[in-house]
Amino acid sequence: MNHGFAFAMASALLLAACGEAPQEAAAPAASAKVALTVTTTTPQQLDWPQLLKASGNIAAWQEAVIGPEISNYRITAVLANVGDEVKQGQVLARIAADTVASESAEMRASVAEAAATLAEARANHERARQLTERGFYSAQQNTQTQTAADTALARLNAARARLQTAELKRSKAAVLAPDDGIISARSATVGTLTQPGQELFRLIRGGRLEWRAEVTAAEFGRIKPGQAATLTGPNGEEVAGVVRVVAPTVDPQTRNALVFVDLPKEAAGKLSAGMFARGEFRLGQSPALTLPQAAVLLREGFAYVFRVDGADVARVTQVKVTTGRRSGERIEVGGLAAEAQVVASGVGFLADGDIVRVVPVQAAAPATPTAPATLAKS
């Protein structure tokens, strides 16, 4: 009887011990060592812009090459230099015009001589016509005088054409700007002789610059004309631009395509042709599940957060997440429930399974992006 009572008591104690074990595993004991006192946060759903990063060269929208239109004449004056803003028709250089002027004078004299010859030939033809009507001249003689008058007229027209050429050449003694713009290069020097095809100046038409950004074939179809772009100059100043056109082909060597971005005229003071620049294209808006960057731990090439399972004194679980866009102090994350409570800061001092003490944090205004969100690789 005593043996049965002792066995029953032992069985009751064993069952009680087995029932308490799950409760100890589910919640940390009050005497467990606390690794850190933390505050928690939950992911916020924000509407962030999608940006595509790119880089490329700054170039002139159109660059005009200005050369002499007459050759073997000496340059007597250079009136423009690199960096000068010029207007259409403005004189950039002058070429010695004395030889051209003498040619014009000679052509005018030839025109006068041809005109006098024509007048004489017409008078002879008129007399021959009258004499032919009276029977003193044959029809053949009348035809000869008519031919002489026509020949004199042709020679007068040829002389006038040569005079027009000489006058045109004389007008080309001044090298003029073909359009408004900025002089980007100058090779004209006083005293040198002009040569066919020689370059005297280069002109950035309208002072307009463009950004020739390179994008990969995978990103090629995401950019459309009219989209906004932002460049960052060497001094950190931002310049806004608009996509003018996307090149219709992809370079077979680099597998990149060019995107031509129009820049405002004011960009000429911040950027220069030939400069390398980085920038971003705005592709639209999309929602993002975000956390403060201090809540994300980067370890061994991966990103982690510590989920808090409980309140007051609780155990943390290390959760692997993916990262995306960044904006200010926040980062886009994936692989995490929207209602999850995670450690807000100090995650570098935690390990999976640590016990933490959770303290409340004062309510703060919802975080908003302070700068356009950028793509970040996980």
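Every value quoted in this text rests on a predicted model; they were computed, and no experiment measured them.

**Description of the sheet that holds strand 5 (residues 75–78)**
Part 1: Taken in spatial order, the 3 strands of this open sheet run 5-7-8, and their pairing is antiparallel. Unpaired on one side and paired on the other, strand 5 and strand 8 (174–176) mark the two borders of the sheet. On average, each strand axis in the sheet is inclined to that of its neighbour by 20°, with strand direction left out of account.
Part 2: In this structure, strand 7 (residues 91–95) lies alongside strand 8, joined through 3 bridges in antiparallel fashion. Directly across from Val91, in strand 8, lies its bridge partner Leu176.

**Let's talk about the packing of helix 2 (residues 98–134) against helix 3 (residues 139–171)**
Part 1: Close contact between helix 2 and helix 3 brings their axes to 8 Å; oriented N to C, the two are set at 165°. For the element pair helix 2 / helix 3, the angle class is roughly antiparallel. Where helix 2 crosses over helix 3, the handedness of that crossing is left-handed.
Part 2: By residue class, the composition of the contact of helix 2 with helix 3 is 17 nonpolar, 9 polar and 10 charged.

**Description of helix 2**
Part 1: Taking 1.5 Å per residue, 37 residues should reach 54 Å; helix 2 reaches 55 Å between its end C-alpha atoms and fits that length.
Part 2: Listing the buried residues of helix 2 in full gives Val100, Ser104, Met107, Val111, Ala114, Leu118, Ala121, His125 and Ala128.
Part 3: Of the surrounding elements, those touching the buried residues of helix 2 are helix 3.

Rules of the game
- Residue numbers here run from 1 along each chain, matching the order of that chain's written sequence.
- A pLDDT threshold of at least 70 governs which residues receive local features in this predicted model, and a stricter bar of 80 or more applies before side-chain atom pairs are shown or counted, although totals over entire chains, interfaces and linings include all residues.
- By convention in this description, side-chain values take in all heavy atoms of the structure and omit both hydrogens and water.
- Strands qualify as paired when DSSP identifies two bridges or more between them.
- Starting at the N terminus, helices and strands are each numbered in turn, a helix being any DSSP run of H or I of at least four residues and a strand any DSSP run of E of at least two.
- Interaxial angles span 0 to 180 degrees and are taken between N-to-C directions of axes, which are lines fitted to C-alpha atoms, for helices over the stretch in contact.
- Here is the rule for angles: anything less than 35 degrees is roughly parallel, anything more than 145 is roughly antiparallel, 65 through 115 is roughly perpendicular, and the remaining ranges are oblique.
- A clockwise turn of the near helix away from the far one marks a right-handed crossing, whereas an anticlockwise turn of less than a right angle marks a left-handed crossing.
- Here the nonpolar group is Ala, Val, Leu, Ile, Met, Phe, Trp, Tyr, Cys and Pro; Asp, Glu, Lys and Arg are the charged ones; every other residue, Gly included, is treated as polar.
- For a helix, the expected span equals 1.5 Å multiplied by the residue count minus one.
- Partly exposed describes any residue whose relative accessible area lies between the buried limit of under 20% and the exposed limit of over 50%, with all areas from a 1.4 Å probe on protein chains only and scaled to the type maximum.
- Whether two residues touch is decided by their heavy atoms; if any such pair falls within 4.5 Å, the residues are in contact.

These values are about where atoms sit, not about what they do.
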